[in-house]
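If you want the building blocks of each chain, they are given just below.
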Amino acid sequence: MSGEPRLTVLGAGYLGITHAASMASLGFDVLGVDTDAARVDQLNAGHLPIYEPGLEELLRAGLGAGRVRFTTSYSEAASFGDVHFICTGTPQQPGSNRADLSQVYACVAALAPLLDRPCLVVGKSTVPVGTARRLAAELSQACPGAELAWNPEFLREGSAVADTLAPDRIVVGVTSGRAEQILRQLYARPLAAGAAFIVTSLETAELAKAAANAFLATKISFINAMAEICETAGGDVRDLAQILGADPRIGPAFLRAGLGYGGGCLPKDIRAFSARAEELGAGASLAFLREVDAINLRRRARTADLALELAGGNLTGVPVCVLGAAFKPGSDDVRDSPALDVAQILTGMGARVTVYDPAALENARRARPELSYAPTLADAAQGAHVVLLLTEWPEFTALTPASLEGIVARRNIIDARNALDPARWREAGWEYRALGVAEDAADRARLDASPW
Ligand code: UGA
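If you're wondering where the values come from, they're calculated on a predicted model, not measured in any experiment. (Residues numbered from 1 in each chain as written. Predicted model: local features only at pLDDT ≥ 70, side-chain atom pairs only at ≥ 80, totals over all residues. Heavy atoms only, no water.)

A. A look at the environment of Ala 37. Along the chain, the position of Ala 37 falls in helix H2 (residues 37-44). It is 37 Å that separates the C-alpha atoms of Ala 37 and Leu 297, two residues lying 260 residues apart in sequence. (Helix = DSSP H or I, 4+ residues; strand = E, 2+ residues; numbered from the N terminus.)

B. Representation of the site of the ligand in the model. Around the ligand sit 21 residues in total, of which Phe 154, Leu 155, Glu 157, Asn 213 and Arg 256 are the nearest. Note that an oxygen atom of the ligand is positioned 2.9 Å from one of the backbone N or O atoms of Phe 327. Taking Lys 328, its side chain carries an N or O atom lying 2.9 Å from an oxygen atom of the ligand. Bound to the protein, the ligand loses 92% of the 720 Å² it would expose on its own. Mapped onto the shell around the ligand, the elements with two or more residues apiece are helix H10 (202-233) and helix H12 (266-279). The leading source of residues in the shell around the ligand is H10, at 4 residues. (Near = heavy atom within 4 Å. Polar contact = N/O pair within 3.5 Å; in protein donor to acceptor, adjacent residues only side chain to side chain. Areas by Shrake-Rupley, 256 points an atom, 1.4 Å probe, with all protein chains shown as cover.)

C. Fine view of the nonpolar core. Val 320, Val 322, Leu 346 and Leu 388 are the most contacted members of the largest nonpolar core, which has 54 residues in total. Here the element with the most residues in this core is helix H14 (residues 338-348); it accounts for 5 residues. Beyond its immediate stretch of four places on either side in the chain, Leu 346 contacts Ala 304, Ala 307, Leu 315, Val 320, Val 322, Ala 351, Val 353 and Leu 388. Core analysis: the next-biggest nonpolar cluster, separate from the first, contains 42 residues, Val 9, Met 23, Leu 58 and Ala 195 among them. (Core = buried A, V, L, I, M, F, W, Y, C linked by side-chain atoms within 4.5 Å. Buried < 20%, exposed > 50% of the residue type's maximum accessible area, 1.4 Å probe, protein only. Contact = heavy atoms within 4.5 Å.)

D. Inspection of empty space enclosed by the protein at higher detail. Applying the stated rule across the entire model yields 2 cavities of 30 Å³ or more. Quantified by volume, the largest cavity comes out at close to 110 Å³. Along its surface, the largest cavity is lined by 13 residues, and Val 127, Pro 128, Asp 269, Ala 272 and Phe 273 are the ones closest to its centre. Among the elements of the structure, H10 and H12 are those that each provide at least two residues to the lining of the largest cavity. (1 Å grid on protein atoms, 1.4 Å probe; cavity = no way out; pocket = protein on both sides within 12 Å on 5 of 7 lines; lining within 4 Å. Points joined across faces, edges and corners; volume = space filled by probe spheres on them.)

E. Region of interest: the sheet that holds strand E12 (residues 386-389). In spatial order, the strands read E11-E10-E9-E12-E13-E14; together these 6 strands make up an open sheet with parallel pairing. A strand with exactly one partner marks an edge of an open sheet, and here the two such strands are strand E11 (372-373) and strand E14 (431-434). Inspection of the sheet shows strand E9 (residues 319-323) paired to strand E10 (residues 352-356) by 5 bridges, in the parallel sense. In the sheet register, Leu 323 faces E10, and the bridge partner there is Tyr 356. (Pairing = 2+ DSSP bridges.)

Below is the structure:
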């Protein structure tokens with residue numbers, strides 16, 4: 001390979017679109033490939049099929065400069081690319097905790113027989129440990145000059161562009177110095193800007209991603225377990241998180257107690273990690289991740305119970321306003337959304353739920369057509385007996401009691417993301433409840449009855 005390598009990006013989801021547009025902005029010629037022709041047309045016209053701040057501008061700049069375009073043709077990709085990035089999705093298999101690797105395998109099966117010159121295939125998708133080694137064997141059998149490397153992606157939705165262009169670390173699992181050298185060349189700009197470059201085995205590179213997401217999920221569930229203790233012992237988890245976070249060995253990130261994690265990554269990744277450990281006979285090592293998952297899901301049930309309490313023990317026919325559908329602010333992604341789960345649970349308890357979200361309404365409607373949606377916050381809150389803040393969008397965290405005056409029928413609010421100022425709401429005559437603080441009558445009664 002001489003001169004600047006030409007790149008293909010296989011799979012045009014969150015990861016693939018971001019990677020294609022970012023590599024084009026670093027000066028490489030990039031061809032994106034997706035089997036969905038409508039998506040390919042949309043991307044070539046400069047429109048994003050997802051919501052991601054700053055990405056559409058980056059895509060349009062790349063299209064305008066002639067540095068990036070999209071196709072459905074794998075043979076075009078095989079003849080175009082010196083380096084091929086696998087960026088296909090690895091969702092949870094229905095009815096199992098395992099990852100569904102069909103898209104990754106299909107992508108390699110489509111590309112490998114078409115390769116007729118030396119090239120590097122780089123996996124970025126999140127896969128169970130051992131997948132890369134298997135893919136490497138398949139690849140070299142189909143094309144002896146093709147080599148496989150693994151380069152996990154750590155980007156977050158909502159800050160995907162910045163995370164890709166200025167990552168804190170670049171992990172490359174390689175089996176040769178040549179692969180390492182190519183990847184150093186591709187990432188020269190972020191490396192010069194200070195990103196750590198960690199060269200390791202294929203297995204460690206795969207594990208790096210699974211372990212990072214498992215750690216983040218564990219940190220969130222740890223603080224949410226402390227929230228449960230606070231609820232029964234009379235503590236305040238917000239103060240507790242601040243105290244823990246002030247210790248530099250612990251750090252404040254990912255200690256925001258509340259409704260817990262969701263999205264297309266953390267929930268399915270920790271389940272797939274546990275499932276893989278079991279397959280390897282090391283299930284005991286990751287048994288704690290089952291508890292991490294259980295704590296996370298319990299927060300959803302607890303939030304619904306708080307609404308039941310505020311409604312006086314019966315939600316049948318009670319108008320309830322749910323603020324948030326996205327799994328986190330800054331995203332329109334509703335995959336495994338805690339907010340939508342709570343909306344569903346409340347509906348099951350008989351409540352008349354109306355959901356509002358500034359970006360995710362369309363996706364929410366598609367995913368859960370049985371729920372009711374409103375086009376504005378005021379419409380959703382109209383006549384509500386209970387308001388639940390379930391995704392901490394700025395539009396919701398900026399809410400004041402005055403802004404809901406004359407709109408809601410009763411002043412009951414559940415702050416499931418610990419994003420509001422409790423004193424302000426209480427002073428205005430609201431019943432305010434949050435996760436991780438024992439403040440309701442039932443909690444007080446439990447504390448009074450304790451033998452201490
Ligand atoms: C996560 C990881 O943070 C990325 O590093 C990783 O690359 C990505 O998954 C992936 O595997 O592709 P993401 O799913 O975009 O990124 O979202 P996060 O910002 O990690 O948030 C995950 C969830 O945790 C959200 O539902 C958020 O509301 C929740 N969260 C986060 C908390 O409940 N408390 C916190 O303190 C932090």
